[in-house]
Amino acid sequence: MQVPAPLDYERATSVDHAIELLERYGEEARIVAGGHSLIPMMRLRIANPEYVIDINDLTDDLDYIRVSGDEVRIGALTRHRALLESDELAAVFPIFRDAERVIADPVVRNRGTLGGSLCQADPAEDLSAVCDALDASCVIRSSSGDRVVTMQEFHRGPYETAVGDAEMLTEVRFPVKPNSSSAYHKVERRASDWAVASAGAAITMATSDPGAVIAEGRVGLCAVGPNTTHIAPISAALAGQPPSEELYATVGSIAAENCDPDTDTRGTEAYKRHLAKELTIRSLRTAVARATGQEV
């Protein structure tokens with residue numbers, strides 16, 4: 001089956017209008033932006049919404065990258081291409097450019113959005129790992145106002161988020177910390193494919209002095225299980241430690257122990273655990289090199 005079931009279509013003229021439509025149509029309504037997740041699922045009848053609410057006209061409200069001294073705010077309708085090409089964003093969070101370079105292809109990056117990627121909540125979705133590593137918060141709006149949740153609270157499981165039937169994700173916020181940097185590494189079977197496994201790391205050094213210890217660090221994993229947000233033992237192992245290959249190896253082993261991959265056509269469980277370890281090591285190494293000005 002390659003044809004969606006019958007549906008009604010509405011084009012939202014504002015965020016408030018979109019939320020009004022969500023309230024009117026209830027759980028049978030779905031928002032569409034880029035459509036690269038929802039439309040294929042509709043064609044296969046995996047998803048069968050009775051109402052589709054198009055938010056592509058809401059660029060003034062939801063399509064932006066705003067970098068300030070202590071925070072970055074990105075609208076939910078911001079396209080992958082904008083995330084890839086923003087030099088201002090890459091200067092603060094190079095992990096975004098790392099990840100966007102290996103997300104799908106130009107056709108998808110021209111249309112797909114940050115909000116759509118996060119709301120799909122696919123365990124193999126790259127930007128979820130990026131946002132987790134950066135300790136992002138998600139702004140969810142309803143007719144009663146905004147609420148802000150952590151990435152750990154936002155993703156409740158595979159294809160399930162904290163966004164309710166009459167709510168929508170409007171913005172993602174990222175804290176900016178001094179002496180920090182980030183990196184993302186991914187293994188895929190072929191170019192533009194879903195990840196076999198990937199890891200993103202964000203590191204904050206205690207000071208800018210050479211030889212400073214790591215003040216805090218986070219690692220987000222992708223495609224190696226449904227519950228890989230905020231792996232607390234990783235953060236605990238990094239805090240207060242001087243950077244070293246031994247530390248990276250230890251943290252890599254923690255990542256492998258705390259993921260839950262399945263054997264499938266992309267690889268065995270053992271292979272994916274091995275990748276989780278090695279990609280965590282690479283991401284930490286690159287993030288520290290960037291944070292300390294040693295990246296070649």
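Residues numbered from 1 in each chain as written. Predicted model: local features only at pLDDT ≥ 70, side-chain atom pairs only at ≥ 80, totals over all residues. Heavy atoms only, no water.

### Observations concerning the overall build of the chain
Move 1: Of regular secondary structure, the chain possesses 13 helices and 13 strands.
Move 2: Computed over the C-alpha atoms, the radius of gyration of the chain is 19 Å, within 12% of the 19 Å expected from 2.2 N^0.38 for a compact globule of 296 residues.
Move 3: When its C-alpha atoms are laid out on the principal axes, the chain stretches across 60 × 45 × 30 Å.
Move 4: The 296 residues of the chain split such that 49% are buried.
Move 5: Excluding contacts between residues fewer than 6 apart, the proportion of contacts in the chain whose partners are at least 24 apart in sequence is 64%.
Move 6: Side-chain charges in the chain split into 29 positive and 45 negative, and the spacing between the mean points of these groups amounts to 5 Å. (Helix = DSSP H or I, 4+ residues; strand = E, 2+ residues; numbered from the N terminus. Rg over C-alpha atoms; globule rule 2.2 N^0.38 Å. Buried < 20%, exposed > 50% of the residue type's maximum accessible area, 1.4 Å probe, protein only. Contact = heavy atoms within 4.5 Å. Lys, Arg positive; Asp, Glu negative; His and termini not counted. Charge placed at Lys NZ, Arg CZ, Asp CG, Glu CD.)

### Some details on the sheet that holds strand S3 (residues 51-54)
Move 1: With parallel pairing, the three strands of this open sheet are ordered in space as S1-S3-S2. Strand pairing shows two members of the sheet lacking a second neighbour, strand S1 (8-11) and strand S2 (29-32), which therefore form its edges. The average angle at which neighbouring strand axes cross in this sheet is 25°, direction not considered.
Move 2: Helix-sheet contacts for helix H1 (residues 15-25) involve S1, S2 and S3, and the interaxial angle to S3 is about 175°. (Pairing = 2+ DSSP bridges. Axes fitted to C-alpha atoms, helices over the stretch in contact; angles between N-to-C directions.)

### Considering the environment of Ala-287
Move 1: Tracing the backbone shows Ala-287 in helix H13 (residues 269-291).
Move 2: As for Ala-287 and Arg-156, which are separated by 131 residues in sequence, their C-alpha atoms are 28 Å apart.
Move 3: Here Ala-287 is in contact with Ser-181, Ser-182, Ala-183, Ala-201 and Ile-203, once residues within four sequence places are set aside.

### Overview of the pattern of salt bridges
Move 1: Going through the model one piece at a time under the given rule, you end up with 20 salt bridges.
Move 2: With its nearest N and O atoms 2.9 Å apart, the salt bridge here joins Arg-97 to Asp-87. On the criterion of sequence distance, the pair formed by Arg-97 in helix H6 (residues 94-100) and Asp-87 in helix H5 (residues 87-92) is long-range, its members being 10 residues apart.
Move 3: On the basis of relative accessible area, Arg-97 is assigned to the buried category, the value being 18%.
Move 4: Taking relative accessible area as the criterion, Asp-87 reaches 56% and is therefore assigned exposed.
Move 5: One salt bridge connects Glu-171 with Arg-173, and the closest N-O pair in it is separated by 2.7 Å.
Move 6: Looking at Glu-171, the relative accessible area reads 6%, which means it is buried.
Move 7: Bridged by salt links that share partners, the residues Glu-71, Arg-73, Glu-171 and Arg-173 form one connected network. (Salt bridge = Lys/Arg side-chain N within 4 Å of Asp/Glu carboxyl O.)

### Some thoughts on the packing of aromatic side chains
Move 1: A full pass over the atoms with the stated rule returns three aromatic pairs.
Move 2: Seen in terms of ring centroids, Tyr-25 and Tyr-51 are 3.9 Å apart; in terms of plane orientation they differ by 10°. Their pairing is stacked. Within this pair, whereas Tyr-25 is found in helix H1, its partner Tyr-51 is found in strand S3, the two being separated by 26 residues in sequence.
Move 3: A centroid spacing of 5.5 Å and a plane angle of 85° characterise the contact between Phe-96 and Phe-174, whose relative ring orientation is edge-to-face. Here Phe-174 lies in strand S10 (residues 168-175) and Phe-96 lies in helix H6, a separation of 78 residues in the sequence.
Move 4: Grouping aromatic residues by their ring pairs yields a cluster made of Phe-93, Phe-96 and Phe-174.
Move 5: For Arg-66, the ring lying beneath its charged end belongs to Tyr-64, and the centroid distance is 3.7 Å. (Phe/Tyr/Trp six-rings, centres within 6.5 Å; stacked < 30°, edge-to-face > 60°. Lys NZ or Arg CZ within 6 Å of the ring centre and 35° of its normal.)

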